[in-house]
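Residue-level listing of the chains:
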Amino acid sequence: MTGGLNRRALLLGATAAVGAASLGGCDQLADTPWFSRALKAGDDANLFVQRLMLSKTTLAREYAEADISPWFKPNGTIDPVDAPYKALAANGFADFRLEVTGLVETPLRLSLDDLRGLPARTQITRHDCVEGWSCIGKWTGAPLSALLDRAGLKPEARYVVFRCADTMEEANDGSPVRYYESVDLVDAVHPQTILAYEMNGAPLSVQHGAPLRLRVERQLGYKMAKYVMVVEVVASLDGVGGGNGGYWEDNGYAWYAGI
Ligand SMILES: Nc1nc2c(c(=O)[nH]1)N[C@H]1C(S)=C(S)[C@@H](COP(=O)(O)O)O[C@H]1N2
Ligand SMILES: [Mo]
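Residues numbered from 1 in each chain as written. Chains lettered and ligands numbered in written order. Predicted model: local features only at pLDDT ≥ 70, side-chain atom pairs only at ≥ 80, totals over all residues. Heavy atoms only, no water.

A.B. asks: Residues and numbers for the confidence of the model for the protein chain, please.
C.D. replies: Averaged over every residue, the pLDDT of the protein chain is 88; the share at 70 or more is 83%. Here helix 1 (residues 4–22) is the element of the protein chain with the lowest mean pLDDT, 41, and strand 9 (residues 213–215) is the one with the highest, 99. When the criterion is pLDDT under 50, residues 1–30 qualifies, and its contacts beyond four places in sequence or with other chains add up to 40 contacts. (pLDDT = per-residue confidence, 0-100. Helix = DSSP H or I, 4+ residues; strand = E, 2+ residues; numbered from the N terminus. Contact = heavy atoms within 4.5 Å.)

The structure is reproduced here in structure tokens:
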């Protein structure tokens, strides 16, 4: 691989404006037109540079047990108030079923035992939040590619959308807007893209996204959807939320949050 410095310099060039503008944190939004244009320009440049320089399967750095952060900052939703989620949690997620749906040949409904029965992957990686903090954690889960293989993608499939249990805000009609995220198929089938049910060797806690959360290790923290209930395969992101592919993306963040 090219030297880290060179790559970093390129990425910094492409994303300096975005980085500076987003240091304020996940909940600080700038929705002025110039800002979202700058974000989108940075987004495209970042995606372009990364896809140019990294092969489809380049791995994010993995760390040693000794590097695991003694405390991993919980962020965003840490205790969903949603009644359906609370009911699942009260029962230790025994009734949880992950739905795999959309442009698949065979829709799936998988319990946690089903998920644990799939070949598992464990990885120790660094989580970088757009707010400017990082933590290293160990994640175990089912590779998303294994689920997609089982379900079978239809030819029109282009993106994988994650629908979560936690409400972020109310829509104008009073209905809940729950967290959502998406990745393209390159990231969906990447070996480090997993639906994690364990963190640091223990079942995932509620604050970190129990019972199941996404790890997509080459991108920033807000891509790592917690409380994932539905995996939906789509042809386009147009019909997803406001059309930008994620809750924070619809509030001005870049869809491709490469690091
Ligand atoms: N469902 C859901 N997923 C989410 C969020 C959220 O609020 N709701 N916050 C995101 C952000 S901004 C970050 S940094 C990480 C935080 O994960 P952690 O709580 O395990 O640190 O989750 C991401 N995934
Ligand atoms: Mo974040």
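A.B. asks: Now, about the site of ligand 1: what can you tell me, with residues and values included?
C.D. replies: Neighbouring residues of ligand 1: 23 residues in total, closest Lys 73, Asn 75, Asp 166, His 208 and Lys 226. Between ligand 1 and the protein, one listed contact pairs an oxygen atom with a side-chain N or O atom of Lys 226 at 2.6 Å. Burial of ligand 1 by the surrounding chains reaches 100%, relative to a free accessible area of 530 Å². Ranked by the residues each element gives to the shell around ligand 1, the list is headed by strand 5 (residues 159–170), at three residues. A class-by-class count of the residues in the shell around ligand 1 yields 12 nonpolar, seven polar and four charged. (Near = heavy atom within 4 Å. Polar contact = N/O pair within 3.5 Å; in protein donor to acceptor, adjacent residues only side chain to side chain. Areas by Shrake-Rupley, 256 points an atom, 1.4 Å probe, with all protein chains shown as cover. Nonpolar A, V, L, I, M, F, W, Y, C, P; charged D, E, K, R; others polar.)

A.B. asks: Could you give me a rundown of the packing of aromatic side chains, with the residues and numbers involved?
C.D. replies: Taken as a whole, this structure holds nine aromatic pairs when the rule is applied. When the centroid spacing of 5.8 Å and the interplanar angle of 80° are considered together, the rings of Tyr 159 and Trp 255 count as edge-to-face. Linking Tyr 159 in strand 5 with Trp 255 in the segment after strand 10 (228–234), this pair joins segments that are 96 residues apart in sequence. Among the aromatic side chains, those forming a connected cluster through ring pairs are Tyr 179, Tyr 180, Tyr 222, Tyr 247, Trp 248 and Tyr 253. (Phe/Tyr/Trp six-rings, centres within 6.5 Å; stacked < 30°, edge-to-face > 60°.)

A.B. asks: Could you give an account of the pairing of strand 5, naming the residues involved and the relevant values?
C.D. replies: In summary, the side chains of a regular strand alternate between the two faces of the sheet. Bridge count between strand 5 and strand 6 (residues 176–184): eight bridges; the pairing is antiparallel. Looking at strand 6, one finds that Phe 162 is bridged to Glu 181. The turn joining strand 5 and strand 6, which pair antiparallel and follow one another in sequence, is formed by five residues; a positive phi near 90° is taken by Gly 174. Across six bridges, strand 5 lies against strand 10 in antiparallel orientation. Its bridge partner being in strand 10, Tyr 159 is matched across the sheet by Val 234. (Pairing = 2+ DSSP bridges.)

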